[in-house]
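Topology and contacts: notes
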Amino acid sequence: MYRTALRNVLAHKGRLLMTALAVMLGTAFVAGTMVFSDTFGKAMQDSNSKSYSDVSVQVVDRAAGSGATAREKSEKSPATLTDATVQQFAALPGAAAARGVVSGFTGVADKHGALIGQAWSAKGANFAPGADGKDARYPMIEGQGPKNAKEIALDRRTAEKGGYKVGDTVRVASNGPVAEAKLTGVFTTDDPVVNSGGTLTLFDRVTAQQLLLEPGRYSSIVLAAKPGTTQDALLGEVKQKLPAGQQMDVETGQQLQDEEQRMITRSTSSMRTMLLVFAAISLFVGIFIIANTFTMLVAQRTKELALMRAIGASRKQVTASVLIEALAIGAASAAAGLVAGVGIGAGLQSLIHSLDDGMPTGPLVIKPLTVAVTLLVGVLVTVLSALLPAVRASRIAPVAAMSSGDQPAGQRSLVIRNTIGSVLAAGGGALIAYGASTGNSGGRIPVGFGAVLTVIGVFILLPLLSRPVIALIGPVLGKLAGTPGKLARQNAVRNPRRTAATAAALTIGLTLVSGLTVIGASVGGTLDKAVTSSMRADYLVSAANGMSLSPKVPAEVAKTAGVTASSPLTTVYWELNGTTKSISGLNADVFDKLVSVKLTSGSTASIAQGQILIDTDVAKKNNVTAGSALTVTYPDESTGQVTVGGVYETGGMLGPVVLANSEIAKHDPEPYISNVVVKGADGATDSLKQALKDATGANPVIEVKSKQDVRDDFSQTITFALNMMYGLLAMSVIVAILGVVNTLAMSVFERKREIGMLRAIGLDRGGIKRMVRLESVVISLFGAGIGLVLGSFMAWAINGTLKSSLAGLTTVLPYGQLLLFLALAGVVGLVAAIWPARRASKLDILESIKTD
């Protein structure tokens, strides 16, 4: 039986090719993901491990590293790490040296005034030379380190990106005015920020403290231990000298390195998990192809299997023979997938490096676990997929199965199948509807569980659904394609189970794609409406790094020619009736000129009288309305009463509570300034936009955005996320295409006699091609149509669970995109049918008619 099974694999290798390819692609995705994540993680760990090679103990002032602007932070907390602290730590018995480190945000402009790199990874630090005039942390490859406020040094990659050379004038900015300085040096570094594609600007110590913190203050101190002194011993000495009552983080270099390694491991694990989910989807799609292939092979070998039973083969032996075939295919395909996966891993690493040459690289890491998992997954998926066809093969009666042909399913089995499918689909639909009706995150578990049940139920019902759905387009096929069209429709519904198994692969892909598309369109539309509908202003001026704007910026913007109204949009966090709330501040005199809120009660004019506006969620939670009073707890722990001047619909750019800036300033003179909201005399014009940029000193850190720019930002973010998901789902779509090709090719082999008879009675080769192509298109459209309906339904349910987090969220069906997906599914059907149709048209008439 084993020899027979292996001979069957070799005898039907052409028919098993698509199955092998499907398994290979799925396992290649798995292997590629594991190789890439292991390689990338190892490269990041090796690169970042050098960052703490000279650190025995590090003391970090938390107050200096968090907050709005550097100057504001320094005014709110006393200097804790100073030159005196550095000298005190350097004098410790176990310390060989101690150095103060200044660190903070610093953006660098290129020669066109644009920010180099991303704002979140733009960093500034102090150059701390030793007696030889060099800083071991930043070895200079050109020039020398900065010595005064008019000099800076840049890391090599930043200098290359900006096109700067030693001696050039460079524009830099933190959160204050733009400064121009001479580039005196270009250096290399192992700093993790730079290794990840960020920028690093070095100042002399005095300038760095003045720009990033305050004179005489350090954000951290790094100590090196004397020979023979352990890091833990030095840590103990440092802790005894720490200033009492200050917010300090003290860790050894080994602890910092271990923490960095854990962070890298977590991030790469998250990336691996996400990629493996999509690999699992591809393998799940492949299950339908494998099961369909073996079902058709068993049907085509009915005589052979019956003869084996007749000469003494037991049911177990027949089952084992089919499973051995699956095992051989799975092992060979998984091995090929492993090789392909190594190539995919290498390709992804090269792609990441080409997109950002700052990302670390290293040799490929192929762990034994990767090899084992890839081979095991490939074999298990193939064998389990072939299990049901193998059991069916063992049930072929020795005598009753002596005539070839697929054994029709009994009426009882069909009734049981359809009943189970209906119960699962109905139960899943009910759970989804219940979860969506909750309107909050509590409905996500019912929606998720219901989605699984619904998908399984629909898949079980696909054979039942295929006849009525395909029958709808029967008349259209007949009118457009004549006899080939009618034959295509009949062939598509001849074997509903086979049609369903083929269509299911496309259904999975289209369910996910359409669901993501509908969610993206819904969220994007809601965010766009929430922000832009409440924005009467023409421009928003904000910091690219998300930090607070300097208080000077609103004043400079207000003086700009062409500005008729402007106000800083501030944010503070105060307690209202015992609950901390985000409170937005605007100037009362220009409130109605800059923003628009939909009031349900009260008036916006009330904020000029020191009253607050609250959204409907806050009003409902506190059971208040216009005229009610709320208790406020201010930053200094004092309390007071504030009157509700109006209630507005939840959503928009203002948040849950609004108060006049003049009232906020009474209790918090330095609030966080997120934006300056600007109204122009002539609306949004290029001249006003340029004038606003000039008013901020053409600061590369400050952005000036119109309503359309805000819309584009939301759109780009959502489009990027969707495109990434589409790309990851592409593998499952390819596997689904292989399934269509496989089914058509094997059905052409099954119907050789029928095709020969059609040719004999006058259907030409072109008609045969059209018949096969249209059959493929019908199956593809059927699977895609079901997928679009399922995906849209599930997107509606998911949107229902997001309503509490995103006010005003409604489901938007992007009909254009959904119709495009349906059309592309038809194209997929045409492409998949090219080879089977060509093969069918070339069959010899007489040989086909003689086929047994």
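Preceding block: the structure.
What counts and how
Residues numbered from 1 in each chain as written. Predicted model: local features only at pLDDT ≥ 70, side-chain atom pairs only at ≥ 80, totals over all residues. Heavy atoms only, no water. Helix = DSSP H or I, 4+ residues; strand = E, 2+ residues; numbered from the N terminus. Buried < 20%, exposed > 50% of the residue type's maximum accessible area, 1.4 Å probe, protein only. Contact = heavy atoms within 4.5 Å. Salt bridge = Lys/Arg side-chain N within 4 Å of Asp/Glu carboxyl O. Pairing = 2+ DSSP bridges. Axes fitted to C-alpha atoms, helices over the stretch in contact; angles between N-to-C directions. Parallel < 35°, antiparallel > 145°, perpendicular 65-115°, else oblique. Nonpolar A, V, L, I, M, F, W, Y, C, P; charged D, E, K, R; others polar. Polar contact = N/O pair within 3.5 Å; in protein donor to acceptor, adjacent residues only side chain to side chain. Left-handed = near helix turned anticlockwise from the far one by under 90°.

The helix and strand inventory of the protein stands at 27 helices and 22 strands. The principal-axis extents of the C-alpha atoms in the protein amount to approximately 100 × 70 × 45 Å. Per-residue burial over the protein gives 49% buried out of 852 residues. Here the contacts in the protein between residues at least 6 apart in sequence split such that 82% fall between residues at least 24 apart.

The subject of this paragraph is the pattern of salt bridges. One pass over the structure, following the stated rule, counts 16 salt bridges. Ionic pairing is found between Arg156 and Glu160, a salt bridge with its closest N-O pair at 3.3 Å. Of this pair, Arg156 and Glu160 are both found in helix H5 (residues 156-162), four residues apart, which corresponds to roughly one turn of the helix. Residue Glu663 is joined to Lys666 by a salt bridge in which the shortest nitrogen-to-oxygen separation is 3.0 Å. Placement of both Glu663 and Lys666 in helix H20 (residues 661-667) is noted, with a separation of three residues, approximately one turn of the helix. A network of salt bridges, in which partner residues are shared, links Asp38, Arg272 and Lys367.

Burial within strand S7 (residues 151-155) is extensive, with five of its five residues counted as buried. Residues Glu151, Ala153 and Asp155 line one face of S7 and the alternating positions Ile152 and Leu154 line the opposite face, and both faces are buried. Across five bridges, S7 lies against strand S9 (residues 179-187) in parallel orientation. Of the residues in S9, the one forming a bridge with Glu151 is Lys182. Examined bridge by bridge, S7 and strand S10 (residues 199-204) share two bridges and lie antiparallel to one another. Bridged to Leu154 within S10 is Thr201.

Glancing now at unusual backbone geometry. With a phi angle near 50 degrees, Asn577 is a residue other than glycine that sits in the positive phi range. Note that Asn577 resides in the loop between strand S14 (563-576) and strand S15 (579-586). Even without a glycine there, the phi angle at Glu637 is positive, about 75 degrees. Relative to the elements of secondary structure, Glu637 occurs in the loop between strand S18 (629-633) and strand S19 (639-648).

Here we take up the packing of helix H14 (residues 444-472) against helix H16 (residues 496-532). Two elements in contact, H14 and H16, have axes separated by 8 Å at closest approach and are oriented at 105 degrees. Comparing their axes, H16 and H14 come out roughly perpendicular. Where H14 approaches H16, its residues Phe459, Leu462, Pro463, Ser466, Arg467 and Ile470 are matched on the opposing element by Pro496, Arg497, Thr499, Ala500, Ala504, Thr507 and Ile508. For the contact of H14 with H16, the class distribution of residues is eight nonpolar, three polar and two charged.

A few words now on the side chain of Asp135. Relative to the assigned elements, Asp135 resides in the loop between strand S5 (122-127) and strand S6 (140-143). Here Arg137 takes part through its side chain, which lies 2.8 Å from a polar atom of the side chain of Asp135. With residues up to four places along the chain from it excluded, the contact list for Asp135 reads Asn126, Phe127, Ala128 and Pro129.

This part is about the packing of helix H23 (residues 752-760) against helix H24 (residues 765-802). Axis separation between H23 and H24 bottoms out at 10 Å; the angle between their running directions is 140 degrees. Taken together, the axes of H23 and H24 are oblique relative to one another. Viewed along their axes, H23 and H24 form a crossing whose handedness is right-handed. Touching Ile755, Leu758 and Arg759 of H23 are Arg765, Ile768 and Met771, all from H24. By residue class, the composition of the contact of H23 with H24 is four nonpolar, no polar and two charged.

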